Amino acid sequence: MKITATDPISDTCKAELQKICDFTDLSEVPKEELPTKLSDFEAIIVRSKTKATKELIDSAPNLKAIIRGGVGIDNIDSEHCKSKNIKVLNTPEAPSLAVAELAVSLMLSMLRNVPRGDATTKDNQWLKKELKGRELSGKTVGVVGFGRIGYEVGKFLTAFNCNILVVDPFANERLIQAINGKKVELNELLQKSDIITFHVPLLDSTRGMIGADQFSKMKNGVLLVNTSRGPVIDEKALCSALKSNKVAMAALDVYWDRTPEKSCIMEHKDKLILTPHIGSATYESQDRIGEEIVELVKKLK
Ligand code: NAD
């Protein structure tokens, strides 16, 4: 089977793929040239960077499958794939721990002012009094989206004795009980949470699910963590909430465009911790993604 990767995958994964299929690495090819290179391939492996649009999909007439190394498949035109009988597969289990660890580390970093403490100490300032923080222990944390990642976040939060509120219409009740969480409606979560962390997929129903109305219901000085997808939170509403101090700080790994450079959030840098979509970027997670890709390719043959 002729298979290519249009985004980077681990060296181990490449080596394994070379043993079981005719593999070509196209991850270095500029995106605009990709449609001219795909005509022979029966499967394409993508991460988050390649946008598998109708045009890209149609440039690969032999395509049988698109494999997304990672979870979110919002960069793939799944409807078009369905109409052409092209399978869309992903590696949903692999990144969960890495994303959950990042989410909790962002909560702790905001609570303890880690980025500011680091920057000012390196700048020979000694802001010991100013940088008094807060503890995660005992805080009420709202987890919006309680699937694989939300559950892992919940497990970590139990170690901090947090009160965990969960919003997820399809959440597994047994897993909510396992973390001593409480399933609530979104309004209750917004009103009661000291920290809110987002772990929903980007769907029509989740796009903009947090807008001006939802911000108005949050506690003053709430902390937000978004490692899911940027557009789950309305960009302008977040900027207003940062400006008014409704949101004391936000930690974001995902944005409305690929990068945040043109976003109004950049007017509030001192209230933000920003990471460049590194949720699943750990060596361990990349290895697990690679292993899951190889297993998916074996099943394609
Ligand atoms: P998942 O499918 O296991 O869980 C998502 C949960 O969201 C499901 O339980 C679903 O019922 C719930 N949900 C759907 N609509 C909802 C709504 N309106 N309100 C509340 N809950 C709702 O997915 P996952 O593996 O936990 O991943 C979640 C998302 O995290 C992915 O879709 C992806 O966008 C994002 N992600 C980001 C990174 C990163 O690098 N930052 C890495 C992996 C995944």
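Parameters at a glance
Residues numbered from 1 in each chain as written. Predicted model: local features only at pLDDT ≥ 70, side-chain atom pairs only at ≥ 80, totals over all residues. Heavy atoms only, no water. 1 Å grid on protein atoms, 1.4 Å probe; cavity = no way out; pocket = protein on both sides within 12 Å on 5 of 7 lines; lining within 4 Å. Points joined across faces, edges and corners; volume = space filled by probe spheres on them. Helix = DSSP H or I, 4+ residues; strand = E, 2+ residues; numbered from the N terminus. Nonpolar A, V, L, I, M, F, W, Y, C, P; charged D, E, K, R; others polar. Buried < 20%, exposed > 50% of the residue type's maximum accessible area, 1.4 Å probe, protein only. Contact = heavy atoms within 4.5 Å. Pairing = 2+ DSSP bridges. Right-handed = clockwise from strand over helix to strand, strands pointing away. Domains from an automatic or database assignment. Buried area = accessible area lost by both parts, 1.4 Å probe. Salt bridge = Lys/Arg side-chain N within 4 Å of Asp/Glu carboxyl O. Polar contact = N/O pair within 3.5 Å; in protein donor to acceptor, adjacent residues only side chain to side chain.

### Some thoughts on the layout of surface pockets
Part 1 of the reasoning: Taken as a whole, the second largest pocket encloses approximately 500 Å³ of empty space.
Part 2 of the reasoning: The wall of the second largest pocket is formed by 23 residues, among which Met110, Asn113, Leu223, Ala248 and Met249 lie closest to the centre.
Part 3 of the reasoning: Looking at the lining of the second largest pocket, the elements with two or more residues in it are helix H4 (96–111), helix H5 (114–122), strand E10 (222–226), strand E11 (247–252) and strand E12 (272–274).
Part 4 of the reasoning: Here the residues of the lining of the second largest pocket sort into 10 nonpolar, four polar and nine charged.

### As for helix H6 (residues 148–158)
Along an α-helix, residues three or four positions apart point the same way, because every turn accommodates 3.6 residues.
Part 1 of the reasoning: Taken residue by residue, H6 has Ile149, Gly150, Tyr151, Glu152, Val153, Gly154 and Leu157 as its buried positions.
Part 2 of the reasoning: Residues of H6 that are buried sit in contact with H4, strand E6 (140–144), strand E7 (163–167), helix H7 (173–178) and strand E9 (195–198).

### So, the pairing of strand E1 (residues 2–5)
Part 1 of the reasoning: Alignment of E1 against strand E2 (residues 22–25), held across four bridges, turns out to be parallel. Following the sheet pairing, Thr4 is matched in E2 by Thr24.
Part 2 of the reasoning: The handedness of the E1 to E2 crossover, carried by helix H1 (residues 11–20), is right-handed.
Part 3 of the reasoning: Here E1 runs beside strand E3 (residues 43–46); their pairing, made up of three bridges, is parallel. Note on E3: the bridge partner recorded for Ile3 is Ala43.

### A word on the side chain of Ser285
Part 1 of the reasoning: By secondary structure assignment, the location of Ser285 is in helix H11 (residues 283–300).
Part 2 of the reasoning: In contact with Ser285, other than residues within four places in its own chain, are Ala94, Pro95, Ala98 and Ser280.

### Brief notes about the domain arrangement of the protein
Part 1 of the reasoning: Considered domain by domain, the protein is made up of domain 1 (2–94 + 282–300) and domain 2 (96–274).
Part 2 of the reasoning: Inter-centroid distance (C-alpha atoms) of domain 1 to domain 2 is 31 Å.
Part 3 of the reasoning: Of the roughly 700 Å² buried between domain 1 and domain 2 on both sides combined, carbon and sulfur atoms contribute 46%.
Part 4 of the reasoning: For the interface between domain 1 and domain 2, the tally reads one salt bridge.
Part 5 of the reasoning: Across the salt bridge formed by Asp74 and Arg229, the nearest N and O atoms sit 3.1 Å from each other.
Part 6 of the reasoning: One can count four residue pairs in polar contact (both at pLDDT 80 or more) joining domain 1 with domain 2.
Part 7 of the reasoning: Looking at the side of domain 1 that touches domain 2 residue by residue, the classes come out as three nonpolar, three polar and five charged.

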